[in-house]
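For reference, the chains in residue letters:
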Amino acid sequence: MSAVRTETNGTEMTDTRFTGTSTYVATDDLMLAVNAAVTLERPILVKGEPGTGKTQLAVEVANALGKPLFEWHIKSTTKAQQGLYEYDAVARLRDSQLGDERVHDIANYIQKGKIWEAFASDDQPVLLIDEIDKADIEFPNDLLRELDRMEFYVYETQRLVAAKHRPIIVITSNNEKELPDAFLRRCFFHYIKFPDQDTMARIVDVHYPDLKKNLLREALNAFYKVREVPGLKKKPSTSELLDWIKLLVAEDIPPEVLRSDDKRKAIPPLYGALLKNEQDVHLFERLVFLDRGAGHQ
Amino acid sequence: MLIPFFYMLREGGMNTSITELLTLLEAMKRGVAGTSVDDFYYLARATLVKDESQLDRFDRIFAAYFRGVEDSLGDLFEELPEDWLLKQAELLLSEEERARIEALGGFEELMKALRERLEEQDERHEGGSKWIGTAGTSPFGAYGYNPEGVRIGQHGSRHRSAVKVWDRREYRNLDDSVELGTRNIKVALRRLRKFAREGAADQLDLEDTIDKTARNAGLLDIRMVPERHNAVKVLLCLDIGGSMDDHVRICEELFSAASSEFKHLEYFYFHNFIYESLWKDNRRRHSERVPTLDITHKYGADYKLIFIGDATMSPYEIVYAGGSVEHWNEEPGAVWIKRLLNTYHKAIWLNPEPRERWDFTPSIKLTREIMDDRMFPLTISGLDDGIKALH
């Protein structure tokens, strides 16, 4: 049991600033939101289209600031209590039946959750609470005190667990549920909007530094054109673009093929990497076909 | 400090709280935003806005409140080399102004006052107070020139004009007051959920186990319960064809949202109004019909009934036998819908037509009367009200 009373070392000012990393391009506003959260030691809530690097943010913040990372992935059945600790009553019951010595210390049956692990970390950790909207509607409310005071009470052992260092908490949401106001008020908020073409070029550059300039330009043009196709159910996002470019490089596709001035070659090669939905693929093919028909006349 | 801005946000319909304002002030005190207006904007946005649908509104209010501020205060807090300051001032002042300055205690004095004032502002900013709030206080206005005239800090256009950032209004299409997207519908429909324990017992019921074990003199007696599942049952009846064609997309969205939301969801189609039969597959609407009575017999009274239709038709189609446009109906539609309503007490009608038009369409008035006024517009707020009526 490492549940010892510790003083929260909260007032210590961090002079490290997050400015993106060699594998992650952060925009000015994102950097500022992260730094505000780091300085004020409050959680930051990150929303945005799927595939724009919400989860990756926590990993990169931990890397950039050289801090340990604890990841708590939320499922629809996750309860707030599981992040703190779980009391394995069944194991204790079984041990009591078998006459095991361990049964006398209830602490043997307390299993630490991710929040406790983060609280117990010797260095200031980064705690990722991923896809908080997946859980029940009341889930964020159940964590209010823990995130505010960075401490909780273990009833079974009558102990107060306080964070050694207030963790930098990154929370991501996909907007499947509205989050309660009381919870939102305690967070900084950042909406990762879809990157513009310049930012996107920087992002691709970070991932594929050796990419030929003209291939990148043509690929981006083709990519933004696909995104503009009206009525797509799932627009391709950054992660799909990166996958697609990886394929283009692997197949050694020349940049000229991507140029869509020629109507007859308007379908970008390997577009299966960009469109993940069968209906979208059909829609796209149909539009290109119509376009091609118009081009002939 | 920033209080008028705070009230302006609230008047603009944002539910920013005092806690958030205090957080912003604390962040400024700790120097998070540095000295640029851009950073201040980003910080204010991250602190005061908690939903992307509010971002556009925030941008507009921010622009309205701070318009003009950034021009005069842009880089006020940069280190000012005194020589440069003097030179600039000299260049910009006419003979006449110089004479007036002399009268006021000389140029040196004035520059000293200017510096003091600037430093004071800098300190205030450090202290998290009113560097923006002092928008209009150009301290030297009385002397015939102002910091803008001296162009403090504005050497070249190195500093990207901050206003552009919020004037771009990049978040316009996220504003939720107009769009009824699948996601919004899902959130609204989610309020209909009701949890109940049904099905296989696969979870340990700790309390019951302890209780039973204690009664069993300590001999372990494990009790299991089924997991909690969403137990809401819904019958969805969608109007299709004719005047509903305009609304097909919105209905499709509602349907796609609804289908993943409930465990028991049954849907049927009708055309204009409910008669003796409905159908499940629109392509085979004439060959495969389900008698309405079978529906009431098959699905229990605990189902909630939702009609989606514009209820826009000739009133004859509702009240007269044989009024249907598609076939000869032996009994009027009003009788059939009442049969359904007698079985399913929890029922609403969602209407994609704008509410203003309801009073001018006799068939909508008629349908509303039959539904006991439980007709709601197919908007987010209408859906919300409807869901409340279903509870």
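Analysis parameters
Residues numbered from 1 in each chain as written. Chains lettered and ligands numbered in written order. Predicted model: local features only at pLDDT ≥ 70, side-chain atom pairs only at ≥ 80, totals over all residues. Helix = DSSP H or I, 4+ residues; strand = E, 2+ residues; numbered from the N terminus. Buried ≥ 20, exposed ≤ 12 C-beta atoms within 10 Å, placed from the backbone. Contact = placed C-beta atoms within 7 Å. Pairing = 2+ DSSP bridges. Axes fitted to C-alpha atoms, helices over the stretch in contact; angles between N-to-C directions. Left-handed = near helix turned anticlockwise from the far one by under 90°. Nonpolar A, V, L, I, M, F, W, Y, C, P; charged D, E, K, R; others polar. Expected span 1.5 Å × (residues − 1). Arc of directions from axis to C-beta. Core = buried A, V, L, I, M, F, W, Y, C linked by C-beta atoms within 7 Å. Parallel < 35°, antiparallel > 145°, perpendicular 65-115°, else oblique. pLDDT = per-residue confidence, 0-100.

**Student:** Could you give me a rundown of the overall build of chain B, with the residues and numbers involved?
**Tutor:** Scanning chain B from N- to C-terminus turns up 18 helices and nine strands. Counting over 391 residues, chain B shows a buried share of 27%.

**Student:** So what's going on with the overall build of chain A? Residues and values would help.
**Tutor:** The helix and strand tally for chain A stands at 13 helices and nine strands. Going through the 297 residues of chain A one by one, you find that 33% of them count as buried. Considering only contacts in chain A between residues 6 or more positions apart, those separated by 24 or more positions represent 78%.

**Student:** Give a detailed account of the sheet that holds strand β2 (residues 69-73) of chain A, specifying residues and quantitative values.
**Tutor:** Residue and element names in this part refer to chain A. On the basis of which strands lie adjacent, the open sheet formed by five strands has the order β2-β5-β8-β1-β9 and parallel pairing. A strand with exactly one partner marks an edge of an open sheet, and here the two such strands are β2 and β9 (188-192). Across the sheet, the axes of successive neighbouring strands diverge by a mean angle of 20°, strand direction being ignored. Inspection of the sheet shows strand β5 (residues 126-130) paired to strand β8 (residues 168-173) by four bridges, in the parallel sense.

**Student:** Before we move on, could you go through the pairing of strand β8 (residues 347-351) of chain B and cite the residues and values that matter?
**Tutor:** Both faces of the sheet carry side chains from a regular strand, because those side chains alternate between them. All names here are of chain B. Burial runs high along β8: five of the five residues are buried. Burial along β8 is two-sided: Ala-347, Trp-349 and Asn-351 facing one way and Ile-348 and Leu-350 facing the other are all buried. As paired strands, strand β7 (residues 304-308) and β8 are joined by four bridges and run parallel to one another. If you follow Ile-306 over to β8, its bridge partner there is Ile-348. Summarising the sheet, β8 and strand β9 (residues 375-377) pair through three bridges and their orientation is parallel. Looking at β9, one finds that Leu-350 is bridged to Phe-376.

**Student:** So, the packing of helix α2 (residues 18-29) of chain B against helix α3 (residues 37-48) of chain B: which residues are in play, and what are the values?
**Tutor:** Residue and element names in this part refer to chain B. Where α2 meets α3, the axes come as close as 9 Å, and the angle between the chain directions of the two elements is 145°. The handedness of the crossing between α2 and α3 is right-handed. Taken together, the residues of α3 that come into contact with α2 (itself represented by Glu-20, Thr-23, Leu-24 and Ala-27) are Leu-43, Ala-44, Thr-47 and Leu-48. Within the contact of α2 with α3, the residues separate by chemical class into five nonpolar, two polar and one charged.

**Student:** So, the interface of chain A and chain B: which residues are in play, and what are the values?
**Tutor:** Every contact between the two is made by 23 residues of chain A and, on the other side, 26 residues of chain B. Of all elements in the fold, only α1 (28-40), α4 (89-98) and β9 of chain A reach the threshold of two or more residues within the side of chain A that touches chain B. The biggest single contributor to the side of chain A that touches chain B is α1(A), with eight residues.

**Student:** Account for helix α11 (residues 238-251) of chain A, with residues named and values stated.
**Tutor:** Residue and element names in this part refer to chain A. Between the first and last C-alpha of α11 there are 20 Å, a value that for 14 residues agrees with the 20 Å anticipated at 1.5 Å per step. The set of residues buried in α11 consists of Thr-238, Glu-240, Leu-241, Trp-244, Ile-245 and Leu-248. In an axial view of α11, the angular spread of the buried residues amounts to 155°, which keeps them on one side of the axis. The inward-facing, buried residues of α11 contact α9 (197-207) and α10 (213-228). Phi for Asp-252, located one or two positions after α11, is positive at around 55°.

**Student:** Before we move on, can you summarise the nonpolar core with the specific residues and values?
**Tutor:** Among the nonpolar cores identified, the biggest contains 76 residues, and Ala33(A), Ile44(A), Val61(A), Val170(A) and Leu43(B) are the most heavily contacted of them. Among the elements that make up this core, the one with the highest residue count is α3(B) (eight residues). Setting aside chain neighbours within four positions, we find Leu43(B) in contact with Leu32(A), Ala36(A), Leu24(B), Ala27(B), Val32(B) and Ala33(B).

**Student:** Can you break down the packing of α1(A) against α2(B) residue by residue, with the values?
**Tutor:** Direction vectors running N to C along α1(A) and α2(B) enclose 90°, while the axes themselves pass 10 Å from each other. As summarised for this structure, α1(A) and α2(B) are arranged roughly perpendicular, according to the angle between their axes. Residue-level contacts link Ala36(A), Thr39(A) and Leu40(A) of α1(A) to Thr23(B), Glu26(B) and Ala27(B) of α2(B). Of the residues belonging to the contact of α1(A) with α2(B), the class tally is three nonpolar, two polar and one charged.

**Student:** Please provide a residue-by-residue account of unusual backbone geometry, values included.
**Tutor:** Residues and elements named next belong to chain B. In this structure, Ala-311 takes a positive phi of about 50° despite not being glycine. Relative to the helices and strands, Ala-311 resides in the loop between β7 and α15 (316-319). Classification of Ala-311 as buried rests on a count of 27 C-beta atoms within 10 Å. The phi torsion at Asp-373 lies on the positive side, around 70°, for a residue other than glycine.

**Student:** Break down the environment of Ala33(A) for me, citing the residues and quoting the values.
**Tutor:** Within the secondary structure layout, Ala33(A) lies in helix α1. Classification of Ala33(A) by C-beta neighbours within 10 Å gives buried; the count is 27. Apart from the residues within four sequence positions on either side, Ala33(A) is in contact with Ile44(A), Phe188(A), His190(A), Tyr42(B) and Ala46(B).

**Student:** Give me the lowdown on the confidence of the model for chain A, citing residues and values where you can.
**Tutor:** Scored by pLDDT, chain A has a mean of 80; 89% of the residues are at 70 or more. Predicted confidence for residues 1-15 of chain A stays below pLDDT 50, and this span has 20 contacts to residues more than four positions away or in other chains.

**Student:** So what's going on with the pairing of strand β3 (residues 233-239) of chain B? Which residues, and what values?
**Tutor:** Residue and element names in this part refer to chain B. Of all seven residues in β3, six are buried, a share of seventy percent or more. The pairing of β3 with β7 spans five bridges and is classified as parallel. Within β7, the residue paired with Val-234 across the bridge is Lys-304.

**Student:** Account for the environment of Met224(B), naming residues and giving values.
**Tutor:** Residues and elements named next belong to chain B. Tracing the backbone through its elements, the reader meets Met-224 in strand β2 (residues 224-230). Classification of Met-224 as exposed rests on a count of 12 C-beta atoms within 10 Å. Through-space distance from the C-alpha of Met-224 to that of Gln-203 is 5.3 Å; in sequence the pair is 21 residues apart. In this structure, Met-224 is in contact with Ala-201, Asp-202, Gln-203, Leu-204 and Asp-205, ignoring residues within four places of it in sequence.

**Student:** Provide a residue-level description of the confidence of the model for chain B, including the pertinent values.
**Tutor:** All names here are of chain B. The share of residues in chain B with pLDDT of 70 or more is 59%, and the mean pLDDT across the chain is 70. The low-confidence segment residues 71-81 (pLDDT under 50) makes 23 contacts with residues lying over four places distant or belonging to another chain. With pLDDT under 50 throughout, residues 122-164 is counted as low confidence; its partners more than four residues away or in other chains account for 66 contacts. Listed scores for the predicted complex are pTM 0.57 and ipTM 0.72.

**Student:** Go over the environment of Asn342(B) with me, naming the residues and quoting the values.
**Tutor:** One can find Asn342(B) in helix α16 (residues 333-343). When the C-alpha positions of Asn342(B) and Ala301(B) are compared, they lie 9.0 Å apart, and in sequence the two are 41 residues distant.

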